[in-house]
2 protein chains.
Amino acid sequence: MISRYFKRKIHKLGTYKTYSVKEVIEKQINPDQIITVYGWIRSLRKMKNVTFALINDGTTGKTMQAVLRSDQGKGLSTGSSVKLTGLYTTTQNGFKEKQEYELHVNDLQICGYADPSSYPLQKKHHDVKYLREKAHLRLRTESMCRLLRLRSFLISIISTFFSNKDYIQTHPPILTSSDCEGSGKIFEVKSSNESNNFFKKNIYLTVSTQLHLEALSHSLSKVWSLSPIFRAEKSRTSKHLAEFYMLEAEISFINDIEDLMSILEQMIHDLVKNLMNSPIGNEILSENHKINKKDRIDIENRWNFFLKDHWTRMTYAEAIDALKNSSVHFKFPPKYGHDLQAEHEKWLAENYTHTPLFVINYPKQLKPFYMRLNNDSLKHPDHDTVSCFDLLLPQIGELAGGSLREERIDILKQSIVTHKKHLSDLSWYIDLRRWGTTKHGGFGLGFDRFLAYLAGIKNIKDTVAFPRWYQHCNF
Amino acid sequence: MISRYFKRKIHKLGTYKTYSVKEVIEKQINPDQIITVYGWIRSLRKMKNVTFALINDGTTGKTMQAVLRSDQGKGLSTGSSVKLTGLYTTTQNGFKEKQEYELHVNDLQICGYADPSSYPLQKKHHDVKYLREKAHLRLRTESMCRLLRLRSFLISIISTFFSNKDYIQTHPPILTSSDCEGSGKIFEVKSSNESNNFFKKNIYLTVSTQLHLEALSHSLSKVWSLSPIFRAEKSRTSKHLAEFYMLEAEISFINDIEDLMSILEQMIHDLVKNLMNSPIGNEILSENHKINKKDRIDIENRWNFFLKDHWTRMTYAEAIDALKNSSVHFKFPPKYGHDLQAEHEKWLAENYTHTPLFVINYPKQLKPFYMRLNNDSLKHPDHDTVSCFDLLLPQIGELAGGSLREERIDILKQSIVTHKKHLSDLSWYIDLRRWGTTKHGGFGLGFDRFLAYLAGIKNIKDTVAFPRWYQHCNF
């Protein structure tokens, strides 16, 4: 299978340049050279005289076909890691329709054997719950590899987007003495082996970096962060985690939530367009992995839906009217002054409009203390509204939310008191308004939830490497 | 000062395109157009007929000169935020040597006034301790703005470096049940208002993402993370924080720590080269801000030091010999089998070599359980060594550390027991070696410490927006 010349050459030179599977396949290295490739065996097809192995190393979704002598193939198993050296050349038989080139292996070394009698990941399909219990090995599944590459890709696109617009990426603190959302569903932090406190007061894990980002935006104008966030919600739904990543941006010198919605819309547009033209985008939509046609079309529809121009804006009041005028029987009847329920959000996003939907200007009592009171509140004399938005999508409801932040110090103080928070706890935050403040605002987007939506994954627990939720924090 | 034609035009059209100070100065927009710029007043020079204001909005270290009529300048103060509209045109007088163009302001609006009688940041130099107590306002100082921009720049360069080499950026968990380093100096996490536990067992904040990165590298080959890390050290030194960012990389299919050191060396090379050719690099070395010549030369020397080729490698044993053979009187006499003290590390980095210094192969009892036992341990029959390195630098000592990780399951288990850790707590970590393992390794670099070193900042507390350390977690 390999010419005597090359065999001699291999034995003579000993070591060859090592390539990743991505370099071999996607970057298309020149064929007819002797190379070394490391990777894991994804599948094996043992014939009489020859064994075909598909090799992957996680750098790409594609696999490289390796052709082994049957004696080399004998002791192999899927999941084993191997070092392969051989001639990378034109495919001679088998799988030819899929790949133009293959590796004719001269030298094979098993780095780590995976005994098929005990290895928990067998070729057959595993239940998602089974895999969640084995998160450390689940990482090795094709599906999780793909999600991890997608995550890395999204981070890099978002970074480039913000960088091109002169936003500064920041690292706001995780440990904090402020409970931004005021929900009380927070984790407390203590030094593990101390009788006295490490810090002087009670310290919590951040539930949102927003308040600190506001301080940063009062210095750098436009800032963003992609930071872990913690919420102690006893939820077991498919949408919630106790630890997740939040993408947040905060912008000074803006006058209207329209500026915020426009940036968010641009960001998602840019991201989805890049995704569609990327190897990872192709991989998600590829027929090569186990995804049924309906699910694939659903994913494509989601991406195209994001690319629509002029996303719809409607006020909360209009949304309530639309819900009331619909003939749908909701479990919770829509009522002005009450929260939009998930059933309302989904109906609005799915039926009322054919683009992603911004619902703006909610009544102030439904929203946190920091949102800016609208000056147009006379329109609803009984129900003052704040200048905010929620971004709603079909199937999942809320994806992101944002608002102008109250920069008028007296109104802010009043709002803090109304929300039963202590002025003294927020004195530093109030200080931001005391000197050199400006109209400003920002938004937050649940990064893991967004990733799940883009990849068509139904449960957020299956998009995160090591998910943490109520009663679950193994590893 | 502004032509009647433009005045008419301003009144007629009302709004003009808004630019950031960076766009105006660095990207050099065309002069002789009417523009709007928002920003904070950095300094004011009030003359009889005219007021000069230097405007900055945090997007760049440079300021834009605005020329105001004396009546406009009357109510202004440094630190106030303003909206300025006017003609951007050739500088006519004053500061001409510094800037070719200036903004002749027609319309000025104060967004947020900073009352000089109360604003804590006055023009004069403030003590670092005073500023640390006011971290939310300290962000507005030129020095902190510069560090925040430097941080953002470094993140983006590192991302590009790893992305070009097919590393996948990952988000390992912050909440964990494993104490990676085994120091016991960890923070414990509890739900704040629950009598029963949110999680089933004791949960901590991660002290290193390494163990989880190893699981990820067993799937994706080459991974990295830039993640917050927490250590409950009761330290008040200039080098330690309770919360800081760690840059960590983990690589499968490598055979030698040389591969790791080479990647780290390349990364820092690439980063420093990019820094030197960047606006933020020029800004740090610029004579425009209050940095004395000695400090500036020191920073330049640090950068050039990193750019040296062929960083020195020496073994721990050689390091001990070098220390012993020196004529220096150390507080802690160097002794084989004992930790290198800060005084030893600094001496080695400063005197023994003229490049950054890798000290490799420490005795195993000085290092954590996961490091790979060297096969060459016969050279030191009494003291087995592990395949690891510390990267030492003049002035600060250790900057980064890395190692091969023990992939041989029996040796790993033995090491876990020797280090008085429970096999059951680490069963998932041992599992990684059970099936399809490979030789692998990685390194970690204290990101904030690195940033401080590059910028010549003496105390790490002055490089982080909201630093947390023993007894300090305000805001």
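Values in this document were obtained by computation on a predicted structure and should not be read as measured data.

1. Section: the overall build of chain A
Reasoning step 1: When its secondary structure is counted, chain A shows 15 helices and 17 strands.
Reasoning step 2: Viewed in the frame of its principal axes, chain A has a C-alpha envelope of about 90 × 60 × 40 Å.
Reasoning step 3: Among the 475 residues that make up chain A, the fraction classed as buried is 60%.
Reasoning step 4: Counted over contacts in chain A with a minimum sequence separation of 6, partners at least 24 positions apart contribute 68%.

2. A look at helix H6 (residues 142–164) of chain B
Reasoning step 1: Under the 1.5 Å per step criterion, the end-to-end length of H6(B) is 33 Å for 23 residues, consistent within 8% with the ideal 33 Å.
Reasoning step 2: Looking one or two places after H6(B), you find Asp166(B), whose phi comes out positive at around 65°.

3. Comments concerning the pairing of strand S6 (residues 101–112) of chain B
Residue and element names in this part refer to chain B.
Reasoning step 1: Sheet topology places strand S4 (residues 64–69) next to S6; two bridges connect them, and they run parallel. Across the sheet, residue Ala66 finds its bridge partner in S6, namely Leu103.
Reasoning step 2: Examined bridge by bridge, strand S5 (residues 81–90) and S6 share 10 bridges and lie antiparallel to one another. Looking across to S6, one finds that Ser81 is bridged to Gly112.

4. Section: the sheet that holds strand S8 (residues 175–176) of chain B
Backbone-to-backbone hydrogen bonds join strands into a sheet, with any given pair of strands oriented parallel or antiparallel.
Reasoning step 1: Taken together, six strands build an open sheet; the order of strands is S8(A)-S10(A)-S9(A)-S9(B)-S10(B)-S8(B) and the sheet is antiparallel. The sheet is open, and its two edges are formed by strand S8 (175–176) of chain A together with S8 of chain B, each paired on a single side.

5. Quick look at the domain arrangement of chain A
All names here are of chain A.
Reasoning step 1: Considered domain by domain, chain A is made up of domain 1 (1–112) and domain 2 (132–462).
Reasoning step 2: On a C-alpha basis, the centroid separation for the pair domain 1 and domain 2 is 46 Å.
Reasoning step 3: Listed as interface residues are seven residues of domain 1 and, on the opposing side, eight residues of domain 2.
Reasoning step 4: Each partner contributes to the roughly 510 Å² buried at the junction of domain 1 and domain 2, and carbon and sulfur atoms together form 43% of this total.

6. Details of the pattern of salt bridges
All names here are of chain A.
Reasoning step 1: Taken as a whole, this structure holds 34 salt bridges over all chains when the rule is applied.
Reasoning step 2: Here Asp462 makes a salt bridge to Arg132, at a shortest N to O gap of 2.8 Å. With Asp462 in the segment after helix H15 (447–455) and Arg132 in helix H4 (residues 128–132), this pair connects stretches of sequence that are 330 residues apart.
Reasoning step 3: With relative accessibility at 14%, the residue Asp462 sits in the buried group.
Reasoning step 4: Taken together, the salt bridges that share partners define one network made up of Arg132, Arg138 and Asp462.

7. Some words on the nonpolar core
Reasoning step 1: Ranked by internal contacts, the top residues of the largest apolar core, which has 123 residues, are Phe162(A), Leu205(A), Leu264(A), Ile268(A), Phe306(A), Leu205(B) and Leu348(B).
Reasoning step 2: Top element by residues in this core is helix H6 (residues 142–164) of chain A. It accounts for 12 residues.
Reasoning step 3: Once residues lying within four places of it in the same chain are set aside, the contact partners of Leu348(B) are Met314(B), Ala319(B), Ala322(B), Leu323(B), Leu340(B), Thr353(B), Leu357(B) and Leu392(B).
Reasoning step 4: Listed in part, the 99 residues of the second largest apolar core include Trp347(A), Leu357(A), Leu226(B) and Ile251(B).

8. Some words on the packing of aromatic side chains
All names here are of chain A.
Reasoning step 1: With the rule as written, the count across this model stands at 50 aromatic pairs over all chains.
Reasoning step 2: Taken together, the ring pairs connect Phe306, Trp311, Phe358, Phe389, Phe450 and Tyr453 into an aromatic cluster.
Reasoning step 3: Cation over ring: Lys134 sits above Tyr130, and NZ or CZ is 5.0 Å from the ring centre.
Reasoning step 4: Directly above the ring of Tyr429 sits Arg433, whose terminal nitrogen or CZ lies 4.1 Å from the centroid.

9. Here's the deal with the packing of helix H13 (residues 409–418) of chain A against helix H14 (residues 427–434) of chain A
All names here are of chain A.
Reasoning step 1: Closest axis-to-axis distance for the H13/H14 pair is 9 Å, and the angle between their directions is 160°. The orientation of H13 with respect to H14, classified from their angle, is roughly antiparallel. In terms of crossing hand, the pair formed by H13 and H14 is right-handed. Contact residues: Ile409, Leu412, Lys413 and Ile416 in H13; Tyr429, Ile430, Arg433 and Arg434 in H14.
Reasoning step 2: For the contact of H13 with H14, the per-class residue count stands at five nonpolar, no polar and three charged.

10. Quick notes on the packing of H6(B) against helix H8 (residues 257–276) of chain B
Relative placement of two packed helices is described by the angle separating their axes and the distance separating the axes.
Residues and elements named next belong to chain B.
Reasoning step 1: Orientation of H6 relative to H8, taken along the N-to-C sense of each, is 130°, at an axis distance of 10 Å. As far as their axial angle goes, H8 and H6 are oblique. Relative to H8, H6 is oriented so that their crossing is right-handed. Touching Leu150, Phe153, Leu154, Ile157, Ile158, Phe161 and Phe162 of H6 are Ile263, Gln266, Met267, Asp270, Leu271, Asn274 and Leu275, all from H8.
Reasoning step 2: Of the residues assigned to the contact of H6 with H8, the class counts are 11 nonpolar, two polar and one charged.

11. Here we look at the interface of chain A and chain B
Many authors give the size of an interface as the accessible area that is lost as the parts come together.
Reasoning step 1: Across the contact, 103 residues belong to chain A and 103 residues belong to chain B.
Reasoning step 2: Across the interface of chain A and chain B, roughly 8,400 Å² is buried in total on both sides, 60% from carbon and sulfur atoms.
Reasoning step 3: Between chain A and chain B we count two salt bridges in total.
Reasoning step 4: The residue Asp166(A) makes a salt bridge to Lys22(B) at a minimum N-O spacing of 3.5 Å.
Reasoning step 5: A breakdown of the residues in the side of chain A that touches chain B according to their chemical character gives 46 nonpolar, 37 polar and 20 charged.
Reasoning step 6: Where strand S9 (residues 187–191) of chain A meets strand S9 (residues 187–191) of chain B, five bridges bridge the pair, whose relative direction is antiparallel. When the bridges of S9(B) are listed, Glu188(A) appears paired with Lys190(B).

12. What to know about helix H10 (residues 293–306) of chain A
Since there are 3.6 residues in each turn of an α-helix, residues three or four apart along the chain are aligned in direction.
Residue and element names in this part refer to chain A.
Reasoning step 1: If you check H10, its first and last C-alpha atoms are 20 Å apart, about what 14 residues at 1.5 Å a residue would give, namely 20 Å.
Reasoning step 2: Every buried residue of H10 is accounted for by Arg296, Ile299, Arg302, Trp303, Phe305 and Phe306.
Reasoning step 3: For H10, the side-chain oxygen to backbone nitrogen distance between the N-cap and Lys294 is 3.2 Å, and the N-cap itself is Asn292.

About the criteria used
Residues numbered from 1 in each chain as written. Chains lettered and ligands numbered in written order. Predicted model: local features only at pLDDT ≥ 70, side-chain atom pairs only at ≥ 80, totals over all residues. Heavy atoms only, no water. Helix = DSSP H or I, 4+ residues; strand = E, 2+ residues; numbered from the N terminus. Buried < 20%, exposed > 50% of the residue type's maximum accessible area, 1.4 Å probe, protein only. Contact = heavy atoms within 4.5 Å. Expected span 1.5 Å × (residues − 1). Pairing = 2+ DSSP bridges. Domains from an automatic or database assignment. Buried area = accessible area lost by both parts, 1.4 Å probe. Salt bridge = Lys/Arg side-chain N within 4 Å of Asp/Glu carboxyl O. Core = buried A, V, L, I, M, F, W, Y, C linked by side-chain atoms within 4.5 Å. Phe/Tyr/Trp six-rings, centres within 6.5 Å; stacked < 30°, edge-to-face > 60°. Lys NZ or Arg CZ within 6 Å of the ring centre and 35° of its normal. Axes fitted to C-alpha atoms, helices over the stretch in contact; angles between N-to-C directions. Parallel < 35°, antiparallel > 145°, perpendicular 65-115°, else oblique. Left-handed = near helix turned anticlockwise from the far one by under 90°. Nonpolar A, V, L, I, M, F, W, Y, C, P; charged D, E, K, R; others polar. Polar contact = N/O pair within 3.5 Å; in protein donor to acceptor, adjacent residues only side chain to side chain.

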